[in-house]
Structures are given as C-alpha cells and as structure tokens.
Amino acid sequence: MAEKQMETELYEPIKKELLNNGFTVRSEVRNCDITALKEDMLVIIELKIAMNLTLIMQAMERQKVTPFVYIAVPRPKRANEKKFAVLKQMLKKLDIGLITVALDSRLKLVEFLLHPVGTNNPKKKQEKDRIIKEHESRSKDYNKGGTTRKKIITSYRENAIHIACCLEANGVLKIIQLKKLGCTSKTAQILRDNVYNWFDKVDRGTYCLNEDGKKAIYSDDFLKIANYYRQLPLLVEEIEVTNK
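Residues numbered from 1 in each chain as written. Predicted model: local features only at pLDDT ≥ 70, side-chain atom pairs only at ≥ 80, totals over all residues. Heavy atoms only, no water.

Chemist: I keep staring at the packing of helix α2 (residues 53–62) against helix α3 (residues 82–94) and nothing clicks. Help me out?
Modeler: Two measures define how a pair of helices packs: the angle their axes make with one another and the distance between the axes. Where α2 meets α3, the axes come as close as 12 Å, and the angle between the chain directions of the two elements is 15°. In terms of axis orientation, α2 runs roughly parallel to α3. When you trace α2 past α3, the crossing you get is right-handed. Contacts between α2 and α3 involve Leu53, Ile56 and Met60 from the former and Leu87, Met90, Leu91 and Leu94 from the latter. Here the residues of the contact of α2 with α3 are counted per class, giving seven nonpolar, no polar and no charged. (Axes fitted to C-alpha atoms, helices over the stretch in contact; angles between N-to-C directions. Helix = DSSP H or I, 4+ residues; strand = E, 2+ residues; numbered from the N terminus. Parallel < 35°, antiparallel > 145°, perpendicular 65-115°, else oblique. Left-handed = near helix turned anticlockwise from the far one by under 90°. Contact = heavy atoms within 4.5 Å. Nonpolar A, V, L, I, M, F, W, Y, C, P; charged D, E, K, R; others polar.)

Chemist: Would you mind showing me how to read α3 here?
Modeler: At 3.6 residues per turn, the α-helix brings residues three or four places apart onto the same side. The terminal C-alpha atoms of α3, which comprises 13 residues, lie 19 Å apart, in line with the 18 Å expected from a rise of 1.5 Å per residue. The secondary structure elements touched by the buried residues of α3 are α2, β4 (68–74), β5 (97–101) and β6 (110–114). Positioned one or two residues after α3, Asp95 has a phi angle of 60°, which is positive. (Expected span 1.5 Å × (residues − 1).)

Chemist: What is the right way to look at the sheet that holds strand β7 (residues 172–174) in this model?
Modeler: One key point about sheets: their strands pair by backbone hydrogen bonds, in either a parallel or an antiparallel sense. Judged by pairing direction, the sheet is antiparallel, and its three strands sit side by side in the order β7-β9-β8 without closing on themselves. What marks the edges here is a single partner per strand, and that holds for β7 and β8 (199–203). Each adjacent strand pair in this sheet contributes to an overall mean axis angle of 35°, direction not counted. Of the pairings in the sheet, the one linking β7 to strand β9 (residues 206–209) comprises three bridges and is antiparallel in character. The partner of Leu173 across the bridge, within β9, is Tyr207. Strand contacts of helix α5 (residues 155–170): β7, β8 and β9, with the helix running at about 90° to β9, the strand carrying the most contacts. (Pairing = 2+ DSSP bridges.)

Chemist: It is not clear to me how the layout of surface pockets should be interpreted in this structure. Could you clarify?
Modeler: Think of a ball as big as a water molecule: rolled over the atoms, this probe shows where empty space is left. Roughly 240 Å³ of volume is contained in the second largest pocket. Sorting the residues of the lining of the second largest pocket by element identifies α1 (2–20) and α9 (223–230) as the ones contributing at least two each. In terms of residues, the lining of the second largest pocket owes the most to one element, α1, which gives four residues. Residue classes in the lining of the second largest pocket are distributed as five nonpolar, three polar and four charged. (1 Å grid on protein atoms, 1.4 Å probe; cavity = no way out; pocket = protein on both sides within 12 Å on 5 of 7 lines; lining within 4 Å. Points joined across faces, edges and corners; volume = space filled by probe spheres on them.)

Written as structure tokens, this is what we have:
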C-alpha cells in the first residue's frame, strides 16, 4: 500500500510538467501509468519507487508501442549513487528516457535526465492506436497514475539554494535565523562545508551570500528552484512579527 501511494505522488508533478509543455495527459490507460499526447507523438511513462530490472523490462515492452518511453523514480539521495549511475547508463543504451521527481522537497522538482532518441521501430501499431483512442476519449483525467541535464538537483543542493535565497533577501543571517525561516536542520553543516563556495562566514554562526552564490541562484540550472523559494517568506522581520 505504501508503495502505491509513493507512485501516485510522482504523478502530479510529472503531469504538471507535461501540461506546461503542451501535452494532454491521462493515467492508467491500457495498463500504462501515464500516457501523454501531443499531435501524433505518444509518450508512455512508467512510475516506480525504485529503479530496477523489472521496471526496465516493462519499459522495453512499451517500446513496442512507441519509441518515446520513460521511467520515473524519486530522485536519488546522492548524485553519485553507484547503482543509480549504472542503471542510468543501461537506460541510455536501451534508448529509454529517465525522469526523477524530488519527493523529499516541497518543490517536487521534475528533471528529465535522459530523453529517448526515438529511433526504434514499434511493432504494435494497433496497440498504439488503441491507447491513443482511449486517451482521447477521456475528457478529464480522473486517475492518478503510478534536454538531458548534466547535474542532478540533490536534496543537499536544493537546501543550499534555499539558504542562499534567504541570505540574498536579508544580507547577513545567523544559523538560528535561517532555521526560523524554514531552512533545513542541516543548515549549519551546509554553511560550514560550503561545498559550492557560495557562502562567506562573517562571524561565529553568521554568514552571507558571496558573488559566486549570487551568480549560481540566477543561473539557468538553478533559477527555477530559486524562484520557488523566493515566493516563500524570506525576511526575518516578517517571521518574527508572525511568531509574536
């Protein structure tokens, strides 16, 4: 039961991303977790809480219907996770797309890590026609279905971006103030390690955002995430007034 719930949590963020790119989206169409249609392009996405060989075999079966097949899983906890990297390489060779969803984040960021080239020749045209027919026959989506980026936006990196946005808005902040603004419990470690060289220490337990950090949160890679956090309450004065 818990597994199914997790798969449905993948669905809404992916659906939103596809709708924003001009697709109509339906779920649970002829046993496909997600079908997306744009003109005559049929995309099939299979959802799972973990990437494994069973899921890959299922995606290969879907390739008999359309060359545009993806699998979607929660983003890995670590960008260099060995098993994930090996399976990703396998998907690339099989021409299967890969999507990750940040379920451990309020943003629920969707990343397309691999796009299928789409050169394989589907053998089940009749099944494709049946899927498209059922997809188009649904006026609404009542169910919840279970350019390649070089970097994975890990939870650690996203938390660093949140901290950077808070520092951008306030200038200089103490760690305790950042936590009051909703930053992660690991804020002190992120600032101390300063893996991305975005932060400068001003005083004990007090930091500011440096020029590299300012450039990073306005870069194409991170702007979408930064803009999400900029919509949240970021000023210490506002938080302190609210808590009184």
